[in-house]
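# Architecture and fold: a report
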Amino acid sequence: MQRNIRKAAVLGAGVMGAGIAAHLANVGIPTYLLDIVPRELTEEEQKKGLTMQDRSVRNRFAAAGKQRLLKEKPAPLYDKDDIDLITVGNMEDDLDRLAEVDWIIEVVVENLEVKRQVFEKIEAYRRPGTIVSSNTSGVSINEMCEGRSEEFRQHFLGTHFFNPPRYLKLLEIIPGRDTKPEIVQFMMHFGEYMLGKGTVLCKDTPNFIANRIGTYGLQISIQEMVKLGLGVDEVDALTGPVIGRPKSATFRTLDLVGLDTYVHVANNVKQKSEDAEEKAVFEVPAFVLEMVEKRWIGQKSGQGFFKQEKTAEGKEILALDYTNMTYRPRVKASFPSLEAAKTAKSLPQKLQALVYGKDKGSQFVWNVLKKVLLYSAAKIPEIADDIVSVDRAMKWGFGWELGPFETWDAIGVEKSVARMREEGETIPPLVEELLSSGKTSFYDKREGLLSAFAIGGKYKEVEEKKEVINLAQLKEQGRLIKKNAGAALIDLGDGVACLEFTSPHNALGMDVLQMAGYAAEEVKKNFIGLVIGNQGKNFCVGMNLAMALMEAQDENWFELEMMVKNFHKVGSALRAVNRPVVAAPFGMTLGGGVEVCFLADRVQAAAETYLGLVEVGVGLLPGGGGTKEMLFRAMENVPQGGSVPVDPFPFVARAFETIAMAKVSTSAKEAIKLGYLRPTDRISINSDHLLYDAKQLVLEMDRAGFAPRKPRRIRVIGETGYATLRQNIHAMRLSGMISEHDELIASKIAYVMSGGSVPAGTEVNEEYILELERQAFMDLIKTPKTQQRMQHMLTKNKPLRN
């Protein structure tokens, strides 16, 4: 039977339940969101004369969960309109709707008996064959479905999403004893291909993989902090990006998660573990329990390990002093090993500087890492059969750059184990087996192929699906065509090349433009198409601002003008290739990054792409064709062929506003609404598949008989349109909403988008608008206030309103 999920139901409309429903809506799955019926009327409901029989009352909790999705940040929905795919109800009146769905997800309170009651109700209404899963973070899957029929148990499993469900990649799949293998296989595939997740197969053990190791690490961090007398702010400085962990580090992460949730997860392992030593580690410290009692549970209560207070100067973030339970100003961590780590170039070098240092900070990092690495190795095969699953779970669920076994390789297995032995630690069998077999790392890479050490003493190749293209691996396999300091051209196979940006932050400078020009010539001669994509942290943050500012301060106007013209030349060269060019943006795609996408014939964007022409933030307008392209796209949207001509002004005004307000999309889907992407562009839900999808689009366009874009002409809104835009801009200036320099910038954008000093209805081509755009860009970059804005952005990383 060909299985598919066309409709789903989520039971429980709390933060996680509503978030899961939102993500199902993101991928186009209509979803019922059900919750319990309230026990009593609210004061507001009483004033309206409602009774306990009214649907609005009975659906109150589910409706509140749905409405919350429109206000939450970061946004749970790709597009707010998708909220209409969520239908609310309650678990008394609407359980019959479960017969309509293909997947039922339980997201109620983490209480075994409550969950069992819910599953008993579900079984009375579900169709045979419907998948039922629990989003539990640690309750036993097998215990939950006790008393259910065999057919129910065969279609039951754990599907543990991480919060927030849209953004965190990990989806732990936990089969029960009776779950059919084909159901497990289907959910692993569905999670990856339809929900865009990294799916990891887990065993039915307390807290599964990520929370088991992550919570252990947090507990060890708290214990070591107390032992060494460190502050929560010092620990966060030592356990954030410097060791390849998220900015929220340790205690800001706990504030985000909520201490009540954290204590529940820790207690779950403590209660289930039969190991006295493990039980002791998961004993929650008294001061944390006191915080929970006082409702100092983090962000949702307004204070936790940190709290924000208003001061005469503005706002100040205070840190908790756990020795006396008072808040104090934050202190800057000062350890020589930390400073050495910050200046080290690679993550392995940073880790080694911290782990093998000689101060209190390095002692803390070593003590924590040592325990976490030993624990991770000791839990194989209890929680997972292989090290890859553990590493992926920690990277995808907790945002670690390196998993535990990758971290061990980074600090040196032999060197670290020797020190562990000296300190009297017990070395787990897996590690002893690795070293006794003469091997010195958990991972081995040969000819670009990665293998992982496995139980039994041999390396096994880490299998990657065909949809996962790894550019670094391709380069190791000899597929590099050419490279320079800022970019590379790589052969993706099947006649498709990839232009990869490699400059710092993937910023656009002359080296990138030179490689793009070379790529155009090479593709024209030897390839059927080109993908513009990379695997950095972000696709492209725009032009090299530091270089542009330096040239402006030195008044090298000719050099700056040449840079703008070179960008335009690259666009012309890519169009002259007469081969399909597909851009593959992801993450932050700002300024020149958006303009790179505009140069392509089509775009294959990751769902999590945040596109924006943000040049006004540094006192400029989009000068690489962005202003021109937004104008032409606006005019394309003007309906044609009616008996009465449609006024193009509102379409141009909307595009003007998008640029002038530096609007950034919260997703690729929203970017279509803003005009940065076209409705014909495509979206990859799983970012790991992005380059593969982009390559397939190139091949598809080639097979369909690719025809290059024709030069375009439009009729502009001209001087009358410009006068109207100027009037609106000046009114904003008079009301104090914008500064005098903001007015100048907006007026330049308006002038270009109106078509300059020509009558309304004048027909112009792309080169004409590009020339207006170039002149406006040069006029602005010559002004001291724009240069001040550029300088401020480079030094403070935020815009200046001068």
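The paragraphs below set out a description of the structure included in this document. (Residues numbered from 1 in each chain as written. Predicted model: local features only at pLDDT ≥ 70, side-chain atom pairs only at ≥ 80, totals over all residues. Heavy atoms only, no water.)

## Considerations on the overall build of the protein chain
When its secondary structure is counted, the protein chain shows 34 helices and 25 strands. For 802 residues, the compact-globule estimate of 2.2 N^0.38 gives 28 Å, and the C-alpha radius of gyration of the protein chain, at 29 Å, lies within 12% of that figure. C-alpha atoms of the protein chain, sized along the principal axes, occupy 80 × 70 × 65 Å. Residues counted as buried form 55% of the 802 residues belonging to the protein chain. (Helix = DSSP H or I, 4+ residues; strand = E, 2+ residues; numbered from the N terminus. Rg over C-alpha atoms; globule rule 2.2 N^0.38 Å. Buried < 20%, exposed > 50% of the residue type's maximum accessible area, 1.4 Å probe, protein only.)

## Some details on the sheet that holds strand β13 (residues 449-454)
Strand order in the open sheet formed by three strands is β12-β13-β14, with antiparallel pairing between adjacent strands. The two strands at the open ends of the sheet, each matched to only one other strand, are β12 (443-446) and β14 (458-461). Pairs of neighbouring strands in the sheet enclose a mean axial angle of 35°, with direction left out of account. (Pairing = 2+ DSSP bridges. Axes fitted to C-alpha atoms, helices over the stretch in contact; angles between N-to-C directions.)

## What to know about the pattern of salt bridges
The tally for this structure, following the rule as stated, stands at 69 salt bridges. A salt bridge links E771 to R774; its shortest N-O distance comes to 2.1 Å. Note that E771 and R774 are positioned in helix α33 (residues 766-781) at a spacing of three residues, about one turn of the helix. Connected via shared salt-bridge partners are K628, E629, R633, E636, R678, R712 and E766. (Salt bridge = Lys/Arg side-chain N within 4 Å of Asp/Glu carboxyl O.)

## Points about the packing of helix α16 (residues 347-355) against helix α17 (residues 360-378)
Following both chains from N to C, one finds α16 and α17 inclined at 110°, their axes separated by 7 Å at the closest point. When the interaxial angle is binned, α16 and α17 end up roughly perpendicular. Of the residues in α17, those in contact with L351, L354 and V355 of α16 are S362, V365, W366 and L369. Split by residue class, the contact of α16 with α17 holds six nonpolar, one polar and no charged. (Parallel < 35°, antiparallel > 145°, perpendicular 65-115°, else oblique. Contact = heavy atoms within 4.5 Å. Nonpolar A, V, L, I, M, F, W, Y, C, P; charged D, E, K, R; others polar.)

## Here we look at the packing of aromatic side chains
Each aromatic ring pair is specified by the distance between its two centres and by the angle formed by the two planes. Evaluated as defined, the whole model comprises 19 aromatic pairs. These aromatic residues form a ring-pair network of at least three members: W103, F186 and F190. The ring of Y518 has K482 lying over it, and the distance from NZ or CZ to the ring centre is 4.3 Å. (Phe/Tyr/Trp six-rings, centres within 6.5 Å; stacked < 30°, edge-to-face > 60°. Lys NZ or Arg CZ within 6 Å of the ring centre and 35° of its normal.)

## Regarding the state of the cysteines
According to the stated counting rule, one finds zero disulfides in the structure shown. Between C202, a cysteine without a disulfide, and C145, which holds the nearest cysteine sulfur, the sulfur-to-sulfur distance is 17 Å. The thiol of C498 is not disulfide-bonded; the next cysteine sulfur, from C597, is found 13 Å away. (Disulfide = S-S within 2.5 Å.)

## Overview of the nonpolar core
Ranked by internal contacts, the top residues of the largest apolar core, which has 109 residues, are L11, F305, W408 and F442. Broken down by element, this core gets its largest block of residues, 10 residues, from α17. For W408, the contacting residues outside a window of four places in its chain are L373, L374, A377, V413, S416, V417, M420, V431 and F442. The next biggest cluster of nonpolar side chains, apart from the first, holds 105 residues, and it includes L471, A600, A653 and I749. (Core = buried A, V, L, I, M, F, W, Y, C linked by side-chain atoms within 4.5 Å.)

## Notes on the packing of helix α20 (residues 413-422) against helix α21 (residues 429-436)
At a minimum axis separation of 12 Å, α20 and α21 run at an interaxial angle of 125°. For the element pair α20 / α21, the angle class is oblique. Of the two possible hands of crossing, α20 and α21 adopt the one that is left-handed. Counting all contacts with α20, which are made through V413, E414, V417 and R421, the residues of α21 involved are V431, E432, L434 and L435. Residues of the contact of α20 with α21, tallied by class, amount to five nonpolar, no polar and three charged. (Left-handed = near helix turned anticlockwise from the far one by under 90°.)

## Examining the side chain of S754
Among the structural elements, S754 can be located in helix α32 (residues 740-754). On the basis of relative accessible area, S754 is assigned to the buried category, the value being 0%. At 3.5 Å, the side chain of S754 forms a polar contact with the backbone nitrogen of Y722. Among residues more than four places away in sequence, those in contact with S754 are V716, I717, G718, G721, Y722 and L725. (Polar contact = N/O pair within 3.5 Å; in protein donor to acceptor, adjacent residues only side chain to side chain.)

## Quick look at the pairing of strand β1 (residues 8-11)
Here β1 shows no split at all, with A8 and V10 on one side and A9 and L11 on the other all buried. Sheet topology places β1 next to strand β4 (residues 103-106); four bridges connect them, and they run parallel. Its bridge partner being in β4, L11 is matched across the sheet by E106. Summarising the sheet, β1 and strand β2 (residues 31-35) pair through four bridges and their orientation is parallel. What sits directly across from A8, in β2, is T31. As for the winding sense of the linkage, the β-α-β connection from β1 through helix α1 (residues 15-26) to β2 is right-handed. (Right-handed = clockwise from strand over helix to strand, strands pointing away.)

## Points about the sheet that holds strand β16 (residues 487-493)
Read from one edge of the open sheet, seven strands run β15-β16-β17-β18-β19-β21-β23, paired in mixed fashion. Looking along the sheet, the strands with just one partner apiece sit at the ends: β15 (480-483) and β23 (682-684). Direction aside, neighbouring strands of the sheet carry axes that sit 20° apart on average. Where strand β21 (residues 602-606) and β23 come together, three bridges link them in parallel fashion.

## Let's talk about unusual backbone geometry
Between N163 and the following residue, P164, the backbone shows a cis peptide bond with an omega angle of 0°. With an omega of 15°, the peptide bond running from I380 to P381 counts as cis. By the secondary structure assignment, P381 is in the loop between α17 and α18 (387-398). With a phi close to 60°, D494 is a non-glycine residue in the positive phi region. Note on placement: D494 falls in the loop between β16 and β17 (496-501). Unusually for a residue other than glycine, N797 sits at a positive phi of about 60°. Summarising the element assignment, N797 is placed in the segment after α34 (784-796).

## Description of helix α25 (residues 557-576)
With 20 residues, α25 extends 28 Å between its outermost C-alpha atoms, agreeing within 8% with the 28 Å of an ideal straight helix rising 1.5 Å per residue. When α25 is considered as a whole, its buried residues turn out to be L560, M563, V564, N566, F567, H568, V570, G571 and L574. Its buried side turned inward, α25 meets α23 (510-526), β18 (529-532), α24 (545-553), β19 (581-583), α26 (592-599) and α33. Downstream of α25 by one or two residues, N578 has phi in the positive range, about 60°. (Expected span 1.5 Å × (residues − 1).)

## Re the pairing of β15
Bridge analysis of β15 against β16 gives three bridges, and the strand direction is antiparallel. Residue pairing in the sheet places K483 in a bridge with A488 of β16. The hairpin turn running from β15 into β16, its antiparallel successor, is three residues long.

## Structural notes on the side chain of T407
Tracing the backbone shows T407 in helix α19 (residues 404-411). Once residues within four sequence positions are removed from consideration, T407 is found in contact with L351, L369, L373 and L402.

## Points about helix α31 (residues 718-734)
Over its 17 residues, α31 runs 24 Å from end to end, which matches the ideal 24 Å to within 8%, given 1.5 Å per residue. Taken as a whole, α31 has its buried residues at G718, G721, L725 and I729. When α31 is viewed along its axis, its buried side chains cluster within an angular range of 75° and face the same direction. Away from its buried face, by an angle of more than 90 degrees, α31 presents the exposed residues T720, Q727 and L734. (Arc of directions from axis to C-beta.)

## Examining the environment of C498
One can find C498 in strand β17. Residue C498 is classed as buried on the basis of its relative accessible area of 0%. The sequence separation of C498 and L691 amounts to 193 residues, and the corresponding C-alpha distance is 8.9 Å.

Note that all results are geometric; they support no functional claim without further evidence.
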